[in-house]
Amino acid sequence: MAALIALGLVSGLFFSSTFVLNRLMSLEGGHWVWSASLRYVFMILFLLIVIRLFQGRKTVVALFKLYVEHWFFWTVAGSIGFGCFYALLCFSADYAPGWVIAATWQLTIIASLFVLMFFGRVFPKRIWVFSTIVVVGVGLINTSHITTFHFVEFAKGAFPVLIAAFCYPFGNQLVWESKHGHKHFPKIDSPLLENAFNKVLLLSLGSLPFWILLVLFIDPPMPSMGQVLNTSLVALLSGLVATTLFLLARHQAHTSSELAAVDATQSSEVIFALLGEMLFLGTALPNAQAWLGIILVFIGLGFFIYFQEKECAVHD
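## Let's talk about the overall build of the chain
Right, so step 1: Scanning the chain for helices and strands turns up 14 helices and zero strands.
Right, so step 2: Beginning at the N terminus, the succession of helices and strands in the chain can be written as α-α-α-α-α-α-α-α-α-α-α-α-α-α.
Right, so step 3: Rg of the C-alpha trace for the chain: 19 Å, near the compact-globule value of 20 Å for 316 residues, within the 12% margin.
Right, so step 4: Considered along the principal axes of its C-alpha atoms, the chain spans approximately 55 × 55 × 35 Å.
Right, so step 5: In the chain, buried positions account for 49% of the 316 residues.
Right, so step 6: Accessible surface computed for the chain: about 15,100 Å², of which carbon and sulfur atoms make up 71%.
Right, so step 7: Both charge centroids of the chain, one from 16 positive and one from 15 negative side chains, sit 8 Å from each other.

## Thoughts on the packing of aromatic side chains
Right, so step 1: Enumeration according to the criterion identifies 18 aromatic pairs in this entry.
Right, so step 2: Measuring from centroid to centroid gives 5.2 Å for tyrosine 40 and phenylalanine 82, while their planes differ by 35°, and the two rings are tilted. One end of the pair, tyrosine 40, is in helix 3 (residues 32-55); the other, phenylalanine 82, is in helix 5 (residues 71-92), with 42 residues separating them in the sequence.
Right, so step 3: Look at tyrosine 40 and you get buried, because its relative accessible area is 2%.
Right, so step 4: Ring centres of phenylalanine 210 and tryptophan 211 lie 5.1 Å apart, and the angle between their planes is 80°; this geometry places the pair in the edge-to-face category. Side by side, phenylalanine 210 and tryptophan 211 carry an identical accessibility label, which is buried.

## Section: the side chain of glutamine 173
Right, so step 1: Within the element layout of this structure, glutamine 173 appears in helix 9 (residues 151-179).
Right, so step 2: On the basis of relative accessibility, which here comes to 12%, the residue glutamine 173 falls in the buried class.

## Concerning unusual backbone geometry
Right, so step 1: Phi at aspartate 219 is positive, roughly 55°, even though this residue is not glycine.
Right, so step 2: Tracing the chain through its elements places aspartate 219 in the loop between helix 10 (196-218) and helix 11 (225-252).
Right, so step 3: The class for aspartate 219 is exposed, based on a relative accessible area of 61%.

## A word on the nonpolar core
Side chains that are nonpolar tend, in soluble globular proteins, to be buried together.
Right, so step 1: In this structure, Trp74, Phe85, Tyr86, Leu89, Trp99, Trp105 and Trp211 are the most contacted members of the largest nonpolar core, which totals 76 residues.
Right, so step 2: By residue number, the principal contributor to this core is helix 3, which donates eleven residues.
Right, so step 3: Residues contacting leucine 89, with those up to four places away along its chain left out, are Ile101, Trp105, Val161 and Ala164.
Right, so step 4: Ranked by size, the runner-up nonpolar core spans nine residues in total, among them Leu7, Phe15, Ala253 and Val262.

## Remarks on helix 7 (residues 108-118)
Right, so step 1: Taken together, the buried positions of helix 7 are Thr108, Ile110, Ala111, Leu113 and Val115.
Right, so step 2: One or two steps after helix 7, the chain reaches glycine 120, where phi turns positive at roughly 100°.

## A short note on empty space enclosed by the protein
Right, so step 1: On inspection of all chains with the given rule, the structure shows one cavity of 30 Å³ or more.
Right, so step 2: Of the pockets and cavities examined, the largest cavity occupies roughly 40 Å³.
Right, so step 3: What lines the largest cavity is simply Thr18, Phe19, Asn22, Arg23, Leu89, Ala93, Gly98 and Ile101.
Right, so step 4: By residue number, the principal contributor to the lining of the largest cavity is helix 2 (residues 17-27), which donates four residues.
Right, so step 5: A class-by-class count of the residues in the lining of the largest cavity yields four nonpolar, three polar and one charged.

## Regarding the layout of surface pockets
Right, so step 1: Quantified by volume, the second largest pocket comes out at close to 270 Å³.
Right, so step 2: Around the second largest pocket sit 14 residues that line it, and Ser16, Ser17, Val20, Gly276 and Phe280 are the ones nearest its centre.
Right, so step 3: Listing elements by their share of the lining of the second largest pocket, those giving two or more residues are helix 1 (2-15), helix 2, helix 11 and helix 13 (269-280).

## Quick notes on the side chain of glutamine 227
Right, so step 1: Considering the arrangement of structural elements, one finds glutamine 227 in helix 11.
Right, so step 2: Engagement of the side chain of glutamine 227 in a polar contact is seen with the side chain of serine 35, the distance being 2.9 Å.
Right, so step 3: Those residues in contact with glutamine 227 that lie beyond four places of it in its chain are Met25, Gly30, His31, Trp34 and Ser35.

Calculation criteria
Residues numbered from 1 in each chain as written. Predicted model: local features only at pLDDT ≥ 70, side-chain atom pairs only at ≥ 80, totals over all residues. Heavy atoms only, no water. Helix = DSSP H or I, 4+ residues; strand = E, 2+ residues; numbered from the N terminus. Rg over C-alpha atoms; globule rule 2.2 N^0.38 Å. Buried < 20%, exposed > 50% of the residue type's maximum accessible area, 1.4 Å probe, protein only. Areas by Shrake-Rupley, 256 points an atom, 1.4 Å probe, with all protein chains shown as cover. Lys, Arg positive; Asp, Glu negative; His and termini not counted. Charge placed at Lys NZ, Arg CZ, Asp CG, Glu CD. Phe/Tyr/Trp six-rings, centres within 6.5 Å; stacked < 30°, edge-to-face > 60°. Core = buried A, V, L, I, M, F, W, Y, C linked by side-chain atoms within 4.5 Å. Contact = heavy atoms within 4.5 Å. 1 Å grid on protein atoms, 1.4 Å probe; cavity = no way out; pocket = protein on both sides within 12 Å on 5 of 7 lines; lining within 4 Å. Points joined across faces, edges and corners; volume = space filled by probe spheres on them. Nonpolar A, V, L, I, M, F, W, Y, C, P; charged D, E, K, R; others polar. Polar contact = N/O pair within 3.5 Å; in protein donor to acceptor, adjacent residues only side chain to side chain.

Encoded structure:
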């Protein structure tokens, strides 16, 4: 268990680089459109290299064939799950510290419940009590760093992350529903989808039209070499290294309690993002209101994990 938790925490550390580097690029004047779109360009390049090395050229060819066969589905799923999700996160980095965005991002756990309800799942009423605790905590965090309250500025920092928290699970759930034969989606029951990196590549390819249209519509100034380097680091550290470590930890977990523990480590992104901004960006220590919000978020997430563990134990 200790080794699994350690792996999960290290993956959380690398995942937190997204929030810190996005904030850094924003403070340096880099446009959020390039911070978002260039990450997925590098993601595709890195994933192609990894899949080619570990699965072979035939797998790469097969993945491109699978993409072409269902190009419309992958474009829709990729645009929502990767495009809208990450564009909104990068947009928020212009208006809120990275650790605040990381804390707000924990709402994706609650958003996932609404997405699953949309696809016909039902949850016990008590789970909404846990959700309320997390929402209150996130609200306290998002208002803690504002000296003079301006609703528009607050909205630009918080609301895009809230929408992104729905986009990410929705895009991924589309893939799951398609694989399991949802009547409204094309049936894509390919063994290639058993590999997480293959799914990430297909969704990344599907997001490319979204990024092209966004760049053409916004017409941002050209990125600096520093921004290009930083987006490549985000793709490498968060998109590849963190994902690999997290999937490895989940793969090595053999019981429901171990899986719950691994999933719980991802909330460490909030603390790592805060420490990273304090170390590299000179961010001040959060005030008492922010710490109260962080504590409430962790309490709410703790209840989620406990509930998940009990449910998994019943079904094991």
